[in-house]
Amino acid sequence: MGVAAVRWCARAFLVSAALLPSVLFGQAPPNAPTDTTLYAVAYVETQASAGAAARAALEQYRDAHLRQDGFIRIELFEQIGRPGHFAVVETWRDQNAFDVRDGAAQKQLLAALEPIRVSGYDQRVYKTLTTAPAAASSDRETIYVIAHVDVAPNPQVPVLLAQLAEASRREAGNLRFDVVQHTQRANHFTVIEHWRSQQALDAHVAAAHTRQYRDLLQPLTGSPLDERVYTPVE
């Protein structure tokens, strides 16, 4: 796509932004309940040979929070093709519930990971940009994609991500498409996708709305999109 075309599409997105709910820019519509949901996304790399120990430690950490007030879920993922690379997505009712969570459980997790880790436990806190109820699936071939979008501050980016999410949720192979925004760095986002199969993900990547999103985003970011494919740790 040429520069002129990119600029034309960008203007079209900005015009459509005026029609989107103000919630996309952190403002709830009048009389709408405030979404206080908090997400903590963490990454850790361990020795590939210690994958079983790492999975056990992460599962123990998740299970320690199951009955805690304000807990919604903790999802564990291991990167496909890279044993020992894990992502942890925590969902809490609000900031307070996250702040008073069981600190002993995290200390125990970090202690268990210390002798086998290759990287530190990198955790970042997010709020909702756009989420929707996930579709249920018992198919073991489903795959997840967790992507980072880190750009210079630009009000166009939340609009692009919201429109991508809306279009992607309408795809036949999509089970989930959530976008969360860093609580302190408004230009940093995490995208959590769930697809029925690799074929469904391939179709999404080739879809017109995905290619248009990437064409428009490229001039706004200084690095390639960081997209990683995962399988859940049950």
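From a predicted model like this one, the values you see are computed outputs, not experimental measurements. (Residues numbered from 1 in each chain as written. Predicted model: local features only at pLDDT ≥ 70, side-chain atom pairs only at ≥ 80, totals over all residues. Heavy atoms only, no water.)

A.B. asks: Which residues make up the sheet that holds strand E6 (residues 174-182), and what values go with them?
C.D. replies: One closed barrel accounts for eight strands, arranged E1-E3-E2-E8-E5-E7-E6-E4; its pairing is antiparallel. Across the sheet, the mean angle separating the axes of adjacent strands is 35 degrees when strand polarity is ignored. As defined by bridge partners, strand E1 (residues 38-45) adjoins strand E4 (residues 122-130) across six bridges and the pair is classed as antiparallel. What sits directly across from Ala40, in E4, is Val125. (Pairing = 2+ DSSP bridges. Helix = DSSP H or I, 4+ residues; strand = E, 2+ residues; numbered from the N terminus. Axes fitted to C-alpha atoms, helices over the stretch in contact; angles between N-to-C directions.)

A.B. asks: Lay out the side chain of Thr210 in plain terms, naming residues and giving numbers.
C.D. replies: Inspection of the secondary structure puts Thr210 in helix H7 (residues 208-217). Excluding anything up to four places from it in sequence, Thr210 contacts Leu164, His204 and Val205. (Contact = heavy atoms within 4.5 Å.)

A.B. asks: Please give an account of the packing of helix H2 (residues 51-63) against helix H4 (residues 103-113) that cites residues and values.
C.D. replies: Angle between the axes and distance between the axes: these two values describe a pair of packed helices. Between H2 and H4, the least distance of the axes is 9 Å, while the angle of their chain directions is 180 degrees. When the axes of H2 and H4 are compared, the pair comes out roughly antiparallel. Mapping the contact onto sequence places Ala54, Ala57, Leu58, Gln60 and Tyr61 in H2 and Ala105, Gln106, Gln108, Leu109, Ala112 and Leu113 in H4. Split into classes, the residues belonging to the contact of H2 with H4 amount to eight nonpolar, three polar and no charged. (Parallel < 35°, antiparallel > 145°, perpendicular 65-115°, else oblique. Nonpolar A, V, L, I, M, F, W, Y, C, P; charged D, E, K, R; others polar.)

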